[in-house]
Amino acid sequence: MSKQLTVSVAAISAEFERRMQMASRLLAAYKLEVSIQPWDGIRRDLLLANVDDAYGRNACAIADRRGDLVLKVSMDPTQQANANQINVNIPVAELTRILKAMLQTSPSSTHTADILMPSLDGLGLPGVWRQEWSADRDFSVSHGNIVLVILRQKSLVVCRSPEDSSAAKEAFLSTPWVAERAPQLMPSHGDGLEKPVDVFLLESCVANEDRLPLLEGRLALASWPDLGALANCEDMLRLAAALSARSRSTQDLAERCSVSGARANAFCWAMYLGGLLTSEQQPFKRPANRASADTRSIVSRLAKRFGMFVGAET
Amino acid sequence: MNSTAPIKLFFAGPVGSGKTTALRCVSGSEIISTDVPLFEGATLEKSTTTVALDYSTIQLDAETTIHLYGIPGQERFDFMRPIIAEGALGAIILIDATSSNPSQDCLHWVSSLLGINEHMALVVGISKADIAPDFSLATVRDSLRVTGISIPTMRVDPREVDQCRQLLRALMAVVMETED
């Protein structure tokens, strides 16, 4: 079975990217299936960056801080190659050899766990949602008289009324939900209810938390959920903070945040459906411990003042 | 962090993003404001601008005061940022979704504050998203990912007390999440 790998590229020329494409095709002979994409800040199996460009140097700096695998490229043909970087004129065969050596032993490619997803067949709206969400365009879903329009780029869910929103939550795991890719505006769109996608998914998953299958594997957040409009959700804030810090299983997450396993699992389901979950062990650089014991006490009291209890260990 | 140093938080962001409004929502006391009338670009929603800084406090108890600041958004006041940011527990950056490039604004302010203190806790609140038809939260998230730092980002209405407090709660959650 081939190993699937992703190489991010930052600030490289079109000519060099063509060499990379040729090298990636040659790597298939070694059962390495490499896809190349622009660097987006997320940890991938390898970063290839132009060190003669500020953007490329910035990408290298971030990757170096995280301990990611980096191959530095100089686009200046007069620049001598050394042990840490290659030259733009490197032959494709030599480039292939270097990439093979790096990717076959890539620590990130061996340490990244997969999100072990249960089957989504027959799982009501989640099954339909996930398929449509990954298509990266607006869509609508309906169940009987309930209709939801999902505005993908705006990250909003639109329904006709608060009653429809409540009904959708109740029917979240029911079947059948039908998807339509060219959603028509609601007849009363102007009076409809708009809700952030993350809020809708969290409310729906929590309402059905006892019936959601367990998500296994180690999970982390690639981005924080949009929680501005979610009331009474201090546990969601703690869950988001914990899952942004490093990858955890749902059980670890529940213990860390002093919530039930079902609640932690529901949170992860909502993040998965909203495209915010990742299997990377540590998607972000971890800052140094900011708070002294005295400061933590003050922060804890300040948080309580605003209706939040932080620090399961305090 | 020195336990005897003042505990401070501040609001930052471009002009018109709602910093003064948000500060009023979370503040526990009267705000000392340095707003003056806008002579150019005034609207019904925004007729004043901050020309020095806003200041208020939250009194946790008789001995513990949290100092809140709102720094002006104009670049000519950027000299204030390191002064206010020095030793701050964290900052809430407010971004106006109706600006020509909210993602760029966001990245500019995040980079500016992290350049002063790379360990500062940050939260981003995006205002006026309901009246910005072209606004994309995904684009802002993608732009922030390149910083390599997890920054809570959420849409808020700075006029809503609970949504402003949500920003503060998110900041507290970030500060308290530390290595095991």
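Above this note sits the structure.
As a starting point, this report considers the structure included with it.

## A closer look at the overall build of chain B
And then number 1: For chain B, the count of helices and strands is five helices and eight strands.
And then number 2: Across chain B, helices and strands are ordered from the amino to the carboxyl terminus as β-α-β-β-β-β-α-β-α-β-α-β-α.
And then number 3: A total of 180 residues make up chain B; the buried ones form 58% of that total.
And then number 4: Excluding contacts between residues fewer than 6 apart, the proportion of contacts in chain B whose partners are at least 24 apart in sequence is 65%.

## Details of the overall build of chain A
And then number 1: Helix and strand counts for chain A come out as eleven helices and twelve strands.
And then number 2: The proportion of buried residues among the 314 residues of chain A is 53%.
And then number 3: Considering only intrachain contacts with a sequence separation of at least 6, the fraction spanning at least 24 residues in chain A is 70%.
And then number 4: For chain A, the exposed surface amounts to about 13900 Å²; the carbon and sulfur share of it is 49%.

## Quick word on the interface of chain A and chain B
And then number 1: Contact residues are listed per partner, giving 56 residues for chain A and 53 residues for chain B.
And then number 2: Approximately 4800 Å² of surface area, both sides summed, lies buried where chain A meets chain B, with 55% of it carried by carbon and sulfur atoms.
And then number 3: Taken together, chain A and chain B are joined by four salt bridges.
And then number 4: The partner of Asp-198 of chain A in a salt bridge is Arg-141 of chain B, and the shortest N-O contact between them spans 2.7 Å.
And then number 5: At the junction of chain A with chain B, the criterion picks out 16 residue pairs in polar contact (both at pLDDT 80 or more).
And then number 6: Top contributing element to the side of chain A that touches chain B by residue count: helix H11 (residues 293–305) of chain A, with ten residues.
And then number 7: Partitioning the side of chain A that touches chain B into residue classes produces 28 nonpolar, twelve polar and 16 charged.

## Comments concerning the packing of aromatic side chains
And then number 1: Counted according to the given criterion, the structure contains six aromatic pairs over all chains.
And then number 2: With a centroid separation of 6.1 Å and an interplanar angle of 85°, the aromatic rings of Trp-269 of chain A and Tyr-272 of chain A are classed as edge-to-face. Within this pair, Trp-269 of chain A and its partner Tyr-272 of chain A are both found in helix H10 (residues 261–273), separated by three residues, close to a single helical turn. Like Trp-269 of chain A, the residue Tyr-272 of chain A is buried in the burial classification.
And then number 3: Between Tyr-55 of chain B and Tyr-69 of chain B the ring centres are 5.2 Å apart and the planes differ by 50°, which places this aromatic pair in the tilted class. Linking Tyr-55 of chain B in strand E4 (residues 54–59) with Tyr-69 of chain B in strand E5 (residues 65–70), this pair joins segments that are 14 residues apart in sequence.
And then number 4: For Tyr-55 of chain B, a relative accessible area of 22% translates into the label partly exposed.

## A word on the sheet that holds E5 of chain B
Residue and element names in this part refer to chain B.
And then number 1: The strand order across the open sheet built from six strands is E4-E5-E1-E6-E7-E8, with neighbouring strands paired in mixed fashion. Only two strands of the sheet have a single neighbouring strand rather than two, namely E4 and strand E8 (153–155). The sheet shows a mean angle of 20° between the axes of neighbouring strands, taken without regard to direction.
And then number 2: For strand E7 (residues 121–127) and E8, the ladder comprises three bridges, and the chain directions are parallel. Following the sheet pairing, Ile-126 is matched in E8 by Arg-155.

## Remarks on the environment of Asp-134 of chain B
Residues and elements named next belong to chain B.
And then number 1: Its place among the elements puts Asp-134 in the loop between E7 and helix H4 (137–145).
And then number 2: What makes Asp-134 exposed here is its relative accessible area of 75%.
And then number 3: Between the alpha carbons of Asp-134 and Ala-97 there is a distance of 8.7 Å; along the sequence they are 37 residues apart.

## Some words on the pattern of salt bridges
Residues and elements named next belong to chain A.
And then number 1: In this structure the tally under the stated criterion is 19 salt bridges over all chains.
And then number 2: In this structure, the salt-bridge partner of Glu-203 is Lys-195, at a minimum N-O distance of 2.8 Å.
And then number 3: A relative accessible area of 24% places Glu-203 in the partly exposed class.
And then number 4: If you follow the salt bridges from partner to partner, you end up with Glu-15, Arg-18 and Arg-19 in one network.

## A few points about the environment of Leu-221 of chain A
And then number 1: Among the structural elements, Leu-221 of chain A can be located in strand E11 (residues 220–221).
And then number 2: Separated by 22 residues in the primary sequence, Leu-221 of chain A and Leu-243 of chain A have C-alpha atoms spaced 5.5 Å apart.

## Comments concerning helix H7 (residues 197–207) of chain A
And then number 1: Summarising burial for H7 of chain A: eight of the eleven residues are buried, a large majority.
And then number 2: Val-197, Asp-198, Val-199, Phe-200, Leu-201, Leu-202, Ser-204 and Cys-205 of chain A are the residues of H7 of chain A that are buried.

## Regarding the pairing of strand E1 (residues 7–12) of chain B
Where a strand is regular, its side chains alternate between the two sheet faces.
Residue and element names in this part refer to chain B.
And then number 1: Across the six residues of E1, six count as buried, placing the element largely inside the fold.
And then number 2: Burial of the side chains of E1 extends over both faces: Ile-7, Leu-9 and Phe-11 are buried on one face and Lys-8, Phe-10 and Ala-12 on the other.
And then number 3: Where E1 and E5 come together, five bridges link them in parallel fashion. Its bridge partner being in E5, Leu-9 is matched across the sheet by Leu-68.
And then number 4: Pairing analysis gives four bridges linking E1 to strand E6 (residues 90–96), with the strands arranged parallel. When the bridges of E6 are listed, Ala-12 appears paired with Ile-93.

What counts, and where the lines are drawn
Residues numbered from 1 in each chain as written. Chains lettered and ligands numbered in written order. Predicted model: local features only at pLDDT ≥ 70, side-chain atom pairs only at ≥ 80, totals over all residues. Heavy atoms only, no water. Helix = DSSP H or I, 4+ residues; strand = E, 2+ residues; numbered from the N terminus. Buried < 20%, exposed > 50% of the residue type's maximum accessible area, 1.4 Å probe, protein only. Contact = heavy atoms within 4.5 Å. Areas by Shrake-Rupley, 256 points an atom, 1.4 Å probe, with all protein chains shown as cover. Buried area = accessible area lost by both parts, 1.4 Å probe. Salt bridge = Lys/Arg side-chain N within 4 Å of Asp/Glu carboxyl O. Polar contact = N/O pair within 3.5 Å; in protein donor to acceptor, adjacent residues only side chain to side chain. Nonpolar A, V, L, I, M, F, W, Y, C, P; charged D, E, K, R; others polar. Phe/Tyr/Trp six-rings, centres within 6.5 Å; stacked < 30°, edge-to-face > 60°. Pairing = 2+ DSSP bridges. Axes fitted to C-alpha atoms, helices over the stretch in contact; angles between N-to-C directions.

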